[in-house]
Structure formats: structure tokens, C-alpha cells
There are 2 protein chains.
Amino acid sequence: MYGRYTQDLGTFAKDEAARLRLQEGDTPRPRRPSELLEYTQGRCAPCRVCALQCQRFLISKVGEDWVFLILLGLVMALVSWAMDFAIATCLQAQKWMYGGLDTNVLLQYMAWVTYPTVLITFSAGFTQILAPQAVGSGIPEMKTILRGIVLKEYLTLKTFVAKVIGLTCALGSGMPLGKEGPFVHIASMCAALLSRFLSLFGGFYENEARNIEMLAAACAVGVGCCFAAPIGGVLFSIEVTSTFFAVRNYWRGFFAATFSAFIFRVLAVWNKDEETITALFKTRFRLDFPFDLQELPAFAVIGIASGFGGALFVYLNRKIVQFMRRQKTINRFLMKKRLLFPALVTLIISTLTFPPGFGQFMAGQLTQKDTLVTLFDNQTWAKQGINDEFEYLGILEAWRHPRSNVFVTLVVFILMKFWMSALATTIPVPCGAFMPVFVIGAAFGRLVGESMAAWFPDGIHTDSNTYRIVPGGYAVVGAAALSGAVTHTVSTAVIVFELTGQISHILPVMIAVILANAVAQSLQPSLYDSIIRIKKLPYLPELGWGHHEKYNVRVEDIMVRDIRYVTLNCKYRDLQQVLHSTKMKNLPLVESAESMILLGSIERTQVGALLSNQLSPQRRLLALRQKALSEDGHRLSDSSIRFQISTDTSSGTPARPALRKPLKPALKRVPSSPADSPPAGSTDHAGIALKSLFCANAATEPTEAQGTAYHKAKRVRISIVEEMILGDQVTPAEILEWEEQQLDQQVDFSSAKIDPAPFQLVEHTSLHKTHTIFSLLGLDHAFVTSIGRLVGMVSLKELRKAIEGSLTGKGVKVRPPLASFRDSTASTTEADTTALRQLWDRHQHHHMPREAGPGGDNDDDTPK
Amino acid sequence: MYGRYTQDLGTFAKDEAARLRLQEGDTPRPRRPSELLEYTQGRCAPCRVCALQCQRFLISKVGEDWVFLILLGLVMALVSWAMDFAIATCLQAQKWMYGGLDTNVLLQYMAWVTYPTVLITFSAGFTQILAPQAVGSGIPEMKTILRGIVLKEYLTLKTFVAKVIGLTCALGSGMPLGKEGPFVHIASMCAALLSRFLSLFGGFYENEARNIEMLAAACAVGVGCCFAAPIGGVLFSIEVTSTFFAVRNYWRGFFAATFSAFIFRVLAVWNKDEETITALFKTRFRLDFPFDLQELPAFAVIGIASGFGGALFVYLNRKIVQFMRRQKTINRFLMKKRLLFPALVTLIISTLTFPPGFGQFMAGQLTQKDTLVTLFDNQTWAKQGINDEFEYLGILEAWRHPRSNVFVTLVVFILMKFWMSALATTIPVPCGAFMPVFVIGAAFGRLVGESMAAWFPDGIHTDSNTYRIVPGGYAVVGAAALSGAVTHTVSTAVIVFELTGQISHILPVMIAVILANAVAQSLQPSLYDSIIRIKKLPYLPELGWGHHEKYNVRVEDIMVRDIRYVTLNCKYRDLQQVLHSTKMKNLPLVESAESMILLGSIERTQVGALLSNQLSPQRRLLALRQKALSEDGHRLSDSSIRFQISTDTSSGTPARPALRKPLKPALKRVPSSPADSPPAGSTDHAGIALKSLFCANAATEPTEAQGTAYHKAKRVRISIVEEMILGDQVTPAEILEWEEQQLDQQVDFSSAKIDPAPFQLVEHTSLHKTHTIFSLLGLDHAFVTSIGRLVGMVSLKELRKAIEGSLTGKGVKVRPPLASFRDSTASTTEADTTALRQLWDRHQHHHMPREAGPGGDNDDDTPK
């Protein structure tokens, strides 16, 4: 067991890729020159030997984890810093253009609108062309990858370039887009590329388990250096990407994220942006009395409202995507003009935020960063409802409107930004939703805080000292609560502490975040899970908050009982039938149909390979030649040589078009047992078994892949017919007869790759435990056995259905909650006993013939 | 599989206990009166029905997780607060006594020394008498329990009371002892008791998986409310107790810990200790320039030195315990006078800290809390080396000594407290080591900080503004680093932020903690792992930082190949032989010795039960009676009645002493195959099979249990002999003959409890993966199979040996690090193929007789 359990999913493919890479990249191994050097005694050989020894030492160090993590942290800090610099420059350019054209409002508007539209369109086009995988957040994909599923092209250099440039342009446009999701993806790609690069120097980076560990650390680095928040980054990345977390990998994340955050902040100091290392959005709330106990209800209200808001955001985001997909006409139009949708959305949003226009009511001229800085401001804006008393300085000016008060501005800002962010994050550019949501949350918190300050102008505390209310603290609480609700995480609390550099509001933040999570989790999935479902990535739903009923549902209630299997002593005809009748990707291999003892599992492709190998033209020709050799030794040996040449050419060159026409009808589905039906056309029945095999294969693939399979089948058929024509002494009838004969032979499994220990569950395993095991080990199916006998199978699909449907009881027998353990043990023993008795009885019958057989000689390796 | 994989370890026992509890506690089930009420139509029946419905609603709510967590948080906050209050009173009393007697130094000394000695002695005695399990930290035990292993009496009310009272007294004595470890244990006991209490109202609390989840949350609550640090508490508890953490349980910990910390702080506000909710050890470092980049090397030095210091602490602590155990004379003496050791240690430590004595050089009069407050102080004590410039106020006075400077005081404090803490934590009272270590770390940080301040009196920053060095910040860094090094955790960083209420020193703290961890982890196990090893609790060592070689060691290198097994068609004689020849607790059940297909595993006790059942006197009498019935129908039926009476009495009353003497020699070990040796004495050979069975059982138990097994075996023998005497018509020879006959029968497994899917690994699983699976699923053994065939077994013992010995290569074949994946796949396929071929060949031979047999009729439930 577990030799290959994750390999079922795709590790095998990964290993294959690693091996290919090894073959390609490592042919000039760094060892070889040194090995050769001992023999080539040149002039400066000693010093070269010394240099090589140094190199070897360095290479041995390169294998250490911490070297990798430091490199990763360093690279990500540099990437992050460079991107921040580029984004700031882009935003500066827009501000400069907008400021320079203040003589003409129309020109100003044109500049304000065109600039982001061009950037977003470029970003969308660039990613579309270079690597469409770079679109979107990246966290849902990383969550899937860390479950052990291989997503193609997700961690390549091309995607890396597309994501970095696309994200820089998208964020430089000033749209309400975030960067932490893409940063997780960028860091993961960095780790994958770095590990591939370092594997040129040593063999340590080829291990799959290690790569997963490093990817998990990379996710932490991504969040950590995006916010300069190492602790929050590690926790956030754990919460959004993992189901079970190995505590021994904890330090990796902390180490790399701290190093990365350190370098990131040092670069800011070095660039004279800052005097020393401080928080990104530093707050200066008073420490001695940050908040009063009686303010806690207000914080709780922020939490609950954020919970509803977060759920609404996820819902809105999903509905927009679904609406765009469902509308056929819009969809068809947009498919043609892929760049129109991003341009249109950008146009609408930037028009609405145009500062002299509607933007004046929603602080439209502020960038995301400036908005946050102002929202976390230490001062109270609306003292006693008269905002004139307060002197707005610098960028705070944006929040003031001469004809309305700050409450109106905040409400308009929240409402407009809400739908804008939900809409903007559906644009096909690399972008995240964390930061926009964070800003909206901060604005909401500020609104509540300002209201409280207006309500209690002298603070709530009744003692001697007057402590005024700090609305900035409310903004911090709101930001953490709303972002926590959208992402279903608690660690946003830690992120805000690290972002603001103050931990004084720890209790209000924790209370609000937990309440927001409680509300949001009971209403909607997290944003990332929602995207996973939209993108139809394989997933396993979480068990949710209250899940008593999951303890009472068992595997026997949800498993598929009627499964196809392969027996050890089966014939090739049985294999063919199994392939026809099921679409399972892994077939169980049992000892025999009577005993049903599970021996292992075999992949569908392996079964197909066995079958096609058995019926291969090469084998047929070989068999026919041997048969004919006794009749006529000369003529056939000549034709076989001719055939060998012909197959070589047919694989390289396309088939002759003249031959294609008559073969088309042969691809219709044939009856599942071809032996029973009489041959209809002599040409069509050549290689009938192979053809039906390929039809079955095509049926297993999704419908969009049908075309490819069709062509593949056709091409194979053509090569068969070619060979038939060349080796024209074989009649179709003979071929059919030979194939039937071949199908009746027993299967020789020795060439097939068998998973010797597939995952097994018993019928009485609870749904809760099954879920735990599936998510712990990243399984996608498990066989259900009873004393070694195969009785059923559970796959991710059944499990998902059971979890999502268990509340409605659809298809699932929900036991009464008080069904105690004693009942279950009783029934367990009973059922087990019956099965065992059966097996035992069978053995009683079989005992005599088996002992008489020669199998008893195998007993040498297991002394009794 | 996994029907029972954790149950192997002890869940079964837990379930049994739960069932027994159910039988005891739940007989007056709350449902029953309501069910009866519908039939008893009394006067106020309607309102009683209504009340019952309300009750039912409440009961249904009681089952919710959040109710449980709120209750847990509430209870723990109250317990924590009450204990803090009691401890503070105790310390106050000592201070008052010491202050009141300042006229006479001798009296003062007597008071200073006697008070803690009495308290510690009382604490040691009280815990010893009430519940010895309450001694020590509790974290090592909780780590073991969360691995799925049941430790007896660890979560009972008795232990709870002992721990709470013992800990209060121990901490009230003013010794350098901590409270966070015991708090973890107290919170877990709270959770267990609460869950048992709530299970009176509903059935939801009986689930084992849920209880483990709740215990994990309780650990977080324990740390969280001890420091009023919810986030740090959760993270710390995860790091010290878990190997793999379920992210879905994350919110539980946060929820309960936040609630608990909230209530804990609110109680302080309510008690007028504080004006509002603030950090426990609030610092007031400046926010705008907390530290200079050029100070980072000093922080790194603190980290590295703390790493060495932490390792030294763990080493010292272990050596003290081992020394005390090894010295036979000391040991014997202390065993007699259990309370002498605590009293002696307390006497020494309190003598040394006596303020007018040596204590004046080490701030001996300060309590732990005051020490921390002073060490985290914002001011610089030693400005330019002349401490006279600085005005020591209040408790800071303690650090000043008229004839020496503050550096000497700090160095003496660190050195003295270091060994004192290491010694004090070995006292058999409930105590932790976190807080003492934390204080020592803070002192060390302060020392470095003061040195830096003396070295750079005007700060390092070269720009216009002069920012002086903040030694308090160094103290914070040192505290986090040393406590992180001792416990091998990173989350101490978060704890210090929450404790001090300032996060401005995040980067120095993180850097120091990570460096300290790196150094300490490479030198010593964590304190908790060290205690686990000393206490010989079952554990699995961590894989450590650099573990490349673990990827290259495989299961086949470490597994035990020569294992005993039970076949499905074996005879009772085989069972007997297996029991004699092995000590394994779980025996594999294979189909037959030829096929070796693993069907399941059977517990040793079950095998013993099968065998003793087969050879039971009842069955023998029954058989003999049936045999005799054909000869003489009357006499035997009478004797069998007599026998039944006799067994009833013999089980209840002690055996007659007269019969004991002649049986003693029968308990000598007999040769393993009793059938071959001729009977030596006629009486001794009666029930010889049973006797040898019991001898085998006794051999499996540890030596100290031998006596009990011996008596048990004796008692059974006696009852056999009694029955022999009563049914005196059977001669010993007849019994022997009957037993031999019985042993030759085939085993009927239908009454045995078989684990239908034990855990399986394949030979090529890497050590790394095996370790992951063992720690993920909490296994203690796994069978190694190859295409269903049993080839070996790996238990925790082999794994532990392999991990700890893999660096030295002892008994483990260490592969070269560049043994690439390709080689391993090639060999995998080859080996698998050979095994498969073997199996397949066997089937070829057996094919014909099997198809002829009646087994083919079983094919109905699995359509093909």
C-alpha cells in the first residue's frame, strides 16, 4: 500500500516528466568532467581539481533545505519588490497624466479612462497568448496541486513570465484587484523552477514528497512577502491551501517567509523609502486604552455584518461568472473578441471612479494603498457629525466632499467598490480578490467607527479619564473581518497585526473574525472553493461546522457495489468486456471471481495496453509466420521484413488519403461481444477487437476528447490495413479467427504495472473517517473490502455526493443520532463472521485439491 | 481498512470504557421520563410536557460544537483566574511574612525558607496520594494521547483536582516553575469531564474522533488562557502536541481560546486590576523606530546563544532525572521518603534566593511576574556603564546592588536561575518549564541589550535623529528565543507579541527564534520529547531538518521478514505454536501458507481466547458426556450438573489453599511442542495445552506483570483441578488424549474478532513516506505486502530504530543519495512481476480442480 496511492492521480505522470527532464537536461552531468579530469593530466590540473572539489562541496550544500529556502525567499523578495516598484511607477504615471491635463476635463477623462483600459487589455491579451493558466488568483489551483493532483503547465517558466507581467499591468491600471493570490502562484512557480534549476547540481530535488513540501513553503512565502507579514502569511497559506498540515513543515514556511519579508523590507530601507523596518500600513493608535469593553458589541456587529457581506461577495462573484457563461449570445460574441470584456469592464469602472465625476463621492482618486492608509488613520473624521471641525490634510482630502459629509462618501465607496471588485475579479487577467475586499472591509469598519464616534463624542468610559473612540481601530477590525469572511480564514487577524504593526486590538479583531467566519461559512463556500467549483477542479468539500450526522453515515451506505473487476486467471476476452462495461480509471485485480480477494489494482490504460499488445499485428504476423514456416519457409519470412519497413514509415508519415474513405463506418460502436455476431463485411472485421477496444477508450474520455480518440483509432486502423495490404497473404477471416483465438488465452499480467496495495476501507468506516483519510492521503478512490474480499468501491464522487447530500438524505441512509457504538460493533462482527465463514467453507472444499497441487513448494521463504 | 486501525492501539479499550460508562451513568437516561410521561396523565402533565420539550431543544443545542467550546472557554477562564488569584495571594502572604519579620534576619530566613518548603511538600504529597498522574507538565502525555494512545487515569476528575490544587501550591511557593504545561493538561481534563457531563444530555459526545478534536481545542485553550494569548496559544499547542494538524479543527481552537482569553481578561477588569483589556506584560517601546537594521546581528547572536542554551537546559534536565534514578542508594532512600527530595530542593533554592543573603545579587525578592515586568522595562538601566545615573523606581530597585553593577546582577541571575529551573522542574509536583525558561531568556536578552546600550550610548543610527537602543526589546527577543529553543517551537514569537501587546520587534524576534530553533533542534530533542523518552511513552521521532537519506531508505530495508502468521485453514496446534514463538500483539491472518495472501489481522488475545475456548473444561466435559452417553446415560449427566455448580463457586471464592502446593512445578515452561514429549507426571499433564498457553501469555507481558499472570494461571489451573476432582471419572490420560485430539482440529475463526483490513505497505515505500503515514494515522504497526502476499511487517520499533540509526547506518542499508527514481521503478516492476508470476503460475496449476469444485456457485453477488 501507498507505494503508489498518490501516483494514481498523476504522480506517475510527474515522475515520467521528471525522468524525461533527467534524460534531456542531465546528459551533461556536472560530475562527468571531474571524473574525466583525474585522467587528463594537464598544466593547471591541480588547481582545477581543487576548484572542482569546492564545487562539489557547494553542490552538496545546495541540497540542503535551508539553502533552497533562502534562495526562494531572496528571489521572491526581489520579484515582489521589483513588481511593487513597477506598479507604483504605473500608478504614478496615471496620476501625473491626470494631473497634467487639469485644464481640460474631457482630455483628463480620456487619459483617466484610456490608461487603465490599455493596461488591462494588454495584460489580458498577453496572458491569453503566452499562458492562459496564469489567469486568475492561483490559490484554487495551488490547493488542488497540494492535494497531489497535477495540473498541466501550471508551474512553468512561461506561466511565470505571463503571471508576473500580466499582474504588474493589471495592478498598475488602478483597478480594484489584489495581488496576494497571484503571489502565491508566483512563489510556487518560483519554487518549482528553482528546484528544477538546482536539480542540475544534485539529485535531491527529484523527490516528489519533497517538492510538495517546498510548494507548501512557497505558498507561505508568497503571502508573506506580499504583505511583509511572515507569520500571517504562513498561517493564511496553510488555511487556504491545506486540509491537513504537517507540523514538521512549519519551520520551512516560517524560515522562508521571514527571510523574504526581511529582504523585502530591507530593500525599502535601502531605497530610502523607509528609515527602518516597519509595518507596511503602520498605525499609531494609543496603547494605554485601545478600546473599551463596552465597544465590543459594535465590533461584534462588524463581524456579523462582514460575514453576510463576505458571503454576498462570493455569491455575486460566482453569479457574474455564471451569467457570462450562460448567456449564449454574449458568450459567443465575447469568445470571438476576447479582449472586449476586460476593456469594457475597465471602461465602466474607471468612468465611475473619475474624480471630477462620480468619483468625487467615493474618493476615486486614491489608489488602493492610499485608501488603506487614510482608512487606518488615527484621527476621527466626523467629530460630532460636523466634519468641518476636522482639518483634512494631504490625501485625506479625498474623503471630504463639500456638499455631503463623510458618511455619505463612505457608504457610496463601500457600495460601489463592492460590485466593482466582484466584477473586476472576473476579468481574465492575473488578479486576486483579497486586497479589494480588505479595503472594502476597512471602509465598512471606518463607517461603523465614525458612527460610534459621532454617537459617543466623549467616549464610553465613565471614569475620570476621557478616552475617545478610535475609528481607525474599527477600520482594522472591519478589514480583517471581511477578508476573513470571503476567504474563510482566521489568520487575516494576524495579517492585520503585522500590516499595521499594532496588536492592541487583538480581542476585537479575533471576535469579529470568528463571528464573520461563522456566518460566512454557514452561507457560502470560500471564494477559493467557489472558484474551484466553477473551474471544475477535483475537490472534496469540507465537513463544515456541525457534522454530527457524518459520524453516522458509513461507507456501506455510499459505496458503489456493482463494480467491474479483473481476475488473475481471466481471459483477454474478459478484459475486453470489462473495458466495454465500465469507465473506471483503476480496475481492481482479484484472485478469482469466487474468492474475490483483492490483490491490487491495475490502471485502465494498462489493461488496454495488455489487450492491444495481445492483438498487435506484430504478434499476429509472428504467429502466422511460425505457422506458415512449417508449410512454406521462404515466402513469408520475406513479407515480414517488408512489413517491418511499412510500420516504420506509417508511424512517421501520414496515411494515404485514398485508404481513409471505406474505413469510416467501421468506427460505429460494435456489439459488446463480437464473437457472437457473424462477420458482416470482410474488410471491416479485420482487427475488430482492437477497434472495439479503441471505441471503449474513446467512451471513457470526456465528449470533447472524442474527436481526438476518433482520429487516433482511425490512424491505427489505417496502419493495420496498410499492413494487411502489404502482407496480403493473410485473409481477414484468418485474422478474425486468430484474434478470437488470442482472446481465449489467459491473460499474462507479468508485463502490466500493478499497484500492489491499493487503498482499502471496510464497510463500517464512518463518513467522517473516510473524509479524513481521503483528505489526509489525497486519495481519489478506495476499494471497500471485507476480510480481503472486494465488496465495493468509493470514489471522490460518491464521497462528495454523500457530504453535500447528507443533510437532505438524498441517496444516503441517515442513521438516528443515538445509534450507539454497540449496535455497530454487533453488526460488524456479524457481517464479518458471515464473510469469513463463507471464505472458510470454501477453503474446506478446496483444501484437498490444493494440498495435492505443486503450489505447496512455494513455502520456502516464509518459515512457520 | 481503517475500520480499526487506531483501535489497534487502544481505541478499543476506550470504546469499552465508553460503553461501560454508558452502562453506569446513563441508566437513568433523560429520555425515559418523557417517554413514560405520554402515558401518565397527571394534573400538570401539559406543562411538564412543555418543559420537557424545552429541555429537549436545549439538549439538541448542547450537542453543538460551539456550545461545548464556549463552556470549555468559560470554565477554563474561571479556573485560570481563580488559580491566578490564589497564587497571587500565596505570594503576597510570603512577601507579607518576610516584610513583617524584618527585625530579625534569622526569623526572616526561617519564614522565607519554611513557607515554600511546606507548600511544595504539601503539593508533592497531595498529588502523590490523590493522583500521581498529575505530576509534571502534561504536554508530553497530551502529545501521546492525541496520537491515539490511551493513558490510564490521565483525564479523570481526581487528576484534575490533584493538578489544580497541586499546581496552585507549587506556584504559590515562588519556586521557578511554570504553569503552561499543566494548564494544557488541566484544559484537556476539563474538556474530557465536560464532554462526559454533557453526554448525559445527548449522545453526541460519545464519538472518539470528536473527542480527539475537542482535546486538541482544549490544549489551545490551556495555553491561550494561561498567557491571555489566543493566537499564540493555538499555534503553540499545535506545534507541541500534533504531528499532522487538521485545518478544519483550526477554528475550534481559535474560538475557544479567544473566548477564554476574553473572559480571563474581563475578569481582571471586573476585579478592578485593569481599566480595560490589555496585554499581560504590556510594553511601551517607541513605535516609530523600534530598532535599527544594524542591530540585527546582535539579535542573531541572541538567537544562536539561546539555541545552545536551550539545548543545554534540556540536556541538564534529563541528566538530573537520570542521575536521580541511577544512584541506587539515593534512589532507594528517596523512594522511602518521597517528600524529602522536593523539600530538599526547595530548601536549597529558597536559601540561595534569600534576599538579604545571596539573593541580593540576583534580584531574589522578585516574583516571576515582577521579574518579567522589570526585564521588559522601557528604560535603559546601565547608561554608559555608570548605573548611578539612572533612578531605579519601585520594583526595579531589586536589580540594583550598591557594590556591583547591573551586569553582574544579570549574569548571576541567569546562571543561578538556569540550574535552579532545570532542577526545580524535576520535582514531582505539577509544574511546567516554559515560564522559568522564558524569564531566563528575557534576562539574557536584557543583558545583551544593556551591553549594546553601553557600547552605543547614542544609538547606531547615523542620521540626524538619535534613536537610543531599547534593551527591553532585546529582552523580548531573548525570551522568545530561549523558550522557542527549549520547546522547539516558532510560535513563542507570537506569544511574546500577545504578551507584550507590541509587534514592532517582529523581525528580530522571528530571526532569533528561527536561529535558536535551528541550533537547538540539531543538538537535542525538545523538552517535551525528552520527557516522553524518559517516561518511556510510545513515540515516533521526528525526521529533523535535513533528511535526504530518509528518502532513500525503504521499508524492505527495515522490515521484519521472519514473522509468524495464522492461516485460515490452520489447526489449533498451529495457533498454539504461533503463540509460543512470537510476542507480537497482532498476528496476520493469511489465506494459506502457500499463497500468503493477507486477509486481515487478529489480536493475540483473540487467538488465545480461541485456543482456550477450544480446550475449555466445559467443552471437554460436554464431549466426554456425549461420548459416555452412548455407554452410560445416567451417571454422567449428574456429574455435569455438579460441575456447573463447582465452576460458579470457584470463580467467586478463592481457591482452596490445600490444592496449591502440588501445582507449582506445573508452571515451569514446557517444551513448545507438547505432543512430542512423553507425559512425565499424570497430574501435571492435565490441561497441558492451556497451561502452556498461559505461560506464553505471561511471557508477552512485561516482567513486572509476570507475578499477576502467574497467579492468574495458577487460579485457572486450580479450577481445572477442582473440576477434575469433582468430575473424577476422567483420567488425566483421557484429558491429554482429548486435548491432543482437539488441537488437531481446524480452527473455526467465526467467533474471533478479526480486523478485516490491517494497514499495508509495499516494500518500496520510502522511510519518509512510512513515517508520514505512521504519524498521520497514528499506527503502531503495518504489514508489508506484495500483490496481496504478506512479506513482512514494520512496527513503531523498527521505524524508530531506522530513523534514529539511519545516520550511523546501523542495521539500515543507506543508499547512495543519487540512486535515482528510475532504478527504483525498474526494480519495483521486476520484483512485483516475479511475485505476480509466482501467483499466476500457482493459479495455472490450481485452475482445474477449482473450477470442478463447488466454490463456483458463490459467484452470484458479483456480476461480471
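Parameters and conventions
Residues numbered from 1 in each chain as written. Chains lettered and ligands numbered in written order. Predicted model: local features only at pLDDT ≥ 70, side-chain atom pairs only at ≥ 80, totals over all residues. Heavy atoms only, no water. Helix = DSSP H or I, 4+ residues; strand = E, 2+ residues; numbered from the N terminus. Buried < 20%, exposed > 50% of the residue type's maximum accessible area, 1.4 Å probe, protein only. Contact = heavy atoms within 4.5 Å. Areas by Shrake-Rupley, 256 points an atom, 1.4 Å probe, with all protein chains shown as cover. Domains from an automatic or database assignment. Core = buried A, V, L, I, M, F, W, Y, C linked by side-chain atoms within 4.5 Å. Pairing = 2+ DSSP bridges. Phe/Tyr/Trp six-rings, centres within 6.5 Å; stacked < 30°, edge-to-face > 60°. Lys NZ or Arg CZ within 6 Å of the ring centre and 35° of its normal. Axes fitted to C-alpha atoms, helices over the stretch in contact; angles between N-to-C directions. Patch = residues over 30% accessible without salt bridge, like charges linked within 9 Å, V, L, I, M, F, W, Y side chains within 5 Å. Salt bridge = Lys/Arg side-chain N within 4 Å of Asp/Glu carboxyl O. Lys, Arg positive; Asp, Glu negative; His and termini not counted. Charge placed at Lys NZ, Arg CZ, Asp CG, Glu CD.

Peer 1: Where do I start with the overall build of chain A in this structure?
Peer 2: The helix and strand inventory of chain A stands at 32 helices and eight strands. Looking at the 864 residues of chain A, the share that counts as buried comes to 60%. Restricting to contacts in chain A with at least 6 residues of sequence separation, those with at least 24 account for 77%. Accessible surface, chain A: about 35,400 Å² in total, of which carbon and sulfur atoms supply 60%.

Peer 1: Would you mind showing me how to read the domain arrangement of chain A here?
Peer 2: The parts lose accessible area when they come together, and the size of an interface is often stated as this lost area. Along its sequence, chain A is carved into domain 1 (57-271), domain 2 (293-337 + 359-383 + 393-535) and domain 3 (548-617 + 735-809). One C-alpha centre belongs to domain 2 of chain A, the other to domain 3 of chain A, and the line joining them spans 49 Å.

Peer 1: I'm lost on the nonpolar core in this one. Help?
Peer 2: Nonpolar side chains tend to gather and get buried jointly when the protein is soluble and globular. One finds Ile186 of chain A together with Ile186 of chain B to be the most contacted residues of the largest nonpolar core, which totals 320 residues. Those residues in contact with isoleucine 186 of chain A that lie beyond four places of it in its chain are Met76, Val79, Met83, Phe160, Lys163, Val164 and Leu167 of chain A. By size, the runner-up hydrophobic cluster in this structure holds 64 residues, among which are Val578 and Ala752 of chain A together with Leu598 and Phe749 of chain B.

Peer 1: What is the right way to look at the pairing of strand E8 (residues 789-795) of chain B in this model?
Peer 2: Residue and element names in this part refer to chain B. Across the seven residues that make up E8, a large majority, seven, are buried. With six bridges joining them, strand E7 (residues 781-786) and E8 adopt antiparallel strand pairing. Considered in E8, the bridge of threonine 785 is made with leucine 790. What sits between E7 and E8 in their antiparallel hairpin is a turn of two residues, with isoleucine 787 showing a positive phi close to 45 degrees.

Peer 1: Help me out: how do you make sense of the pairing of strand E4 (residues 598-603) of chain B in this one?
Peer 2: Residues in a regular strand point their side chains to alternate faces of the sheet. Residues and elements named next belong to chain B. The buried fraction of E4 is high, at five of six residues. As paired elements, strand E3 (residues 586-590) and E4 share five bridges and run antiparallel to each other. The partner of proline 588 across the bridge, within E4, is serine 601.

Peer 1: I keep staring at the packing of aromatic side chains and nothing clicks. Help me out?
Peer 2: Any aromatic ring pair is given by two values, namely how distant the centres are and how the planes are angled relative to each other. Residue and element names in this part refer to chain A. Summed over the entire model, instances satisfying the criterion amount to 32 aromatic pairs over all chains. Each member of the aromatic cluster is reached from another via a ring pair, and the members are Phe227, Phe236, Phe376, Phe434 and Phe438. Cation over ring: lysine 179 sits above phenylalanine 183, and NZ or CZ is 5.1 Å from the ring centre.

Peer 1: Help me understand the side chain of threonine 168 of chain A, please; the structure alone is not making it clear to me.
Peer 2: Residue and element names in this part refer to chain A. Within the secondary structure, threonine 168 sits in helix H7 (residues 157-172). Given the relative accessible area of 12%, threonine 168 is considered buried. The residues touching threonine 168, leaving out its near neighbours within four places in the chain, are Met83, Ala86 and Ile87.

Peer 1: Would you explain the sheet that holds E3 of chain B in this entry?
Peer 2: The strands making up a sheet associate through hydrogen bonds between their backbones, and the pairing can be parallel or antiparallel. Residues and elements named next belong to chain B. The strand order across the open sheet built from four strands is E2-E3-E4-E5, with neighbouring strands paired in mixed fashion. Since the sheet does not close on itself, it has two edges, and those belong to strand E2 (566-567) and strand E5 (754-755), each with one partner. Against the sheet, helix H25 (residues 604-614) engages E3 and E4, with an angle of about 80 degrees to E4.

Peer 1: Sorry if this is basic, but what is going on with a nonpolar patch on the surface here?
Peer 2: Residues and elements named next belong to chain A. On the surface, Phe122, Leu157, Val161 and Ile165 cluster together into a nonpolar patch covering about 330 Å² of accessible area. The leading source of residues in the nonpolar patch is H7, at three residues. Inspection of the secondary structure puts valine 161 in helix H7. Among the residues examined, valine 161 registers a relative accessible area of 32% and is labelled partly exposed.

Peer 1: What is the right way to read the pattern of salt bridges from this model?
Peer 2: Side chains bearing opposite charge may pair, as long as their charged atoms lie close to each other. Within the structure shown, the criterion is met by 18 salt bridges over all chains. Among the salt bridges present, the one from arginine 564 of chain A reaches aspartate 562 of chain A, with a minimum N-O distance of 3.2 Å. With its nearest N and O atoms 2.6 Å apart, the salt bridge here joins lysine 535 of chain B to glutamate 141 of chain B. One end of the pair, lysine 535 of chain B, is in the loop between helix H21 (527-534) and helix H22 (549-552); the other, glutamate 141 of chain B, is in helix H6 (residues 139-146), with 394 residues separating them in the sequence. A residue is classified by how much of its surface remains accessible, and lysine 535 of chain B, at 34% relative accessible area, is partly exposed. On the basis of relative accessible area, glutamate 141 of chain B is assigned to the buried category, the value being 1%. By sharing partners, the salt bridges in this structure join Arg573, Glu740 and Asp744 of chain A into a single network.

Peer 1: What is the right way to read the environment of phenylalanine 262 of chain B from this model?
Peer 2: Residue and element names in this part refer to chain B. Along the chain, phenylalanine 262 turns up in helix H11 (residues 250-270). Since its relative accessible area comes to 18%, phenylalanine 262 is described here as buried. Separated by 37 residues in sequence, phenylalanine 262 and cysteine 225 place their C-alpha atoms 8.4 Å apart.

Peer 1: I would appreciate a short explanation of a positive patch on the surface in the present structure.
Peer 2: Positive charge collects at one region of the surface, where Lys328, Arg332, Lys336 and Lys337 of chain A lie side by side. Turning to its location among the elements, lysine 336 of chain A is positioned in helix H13 (residues 328-336).

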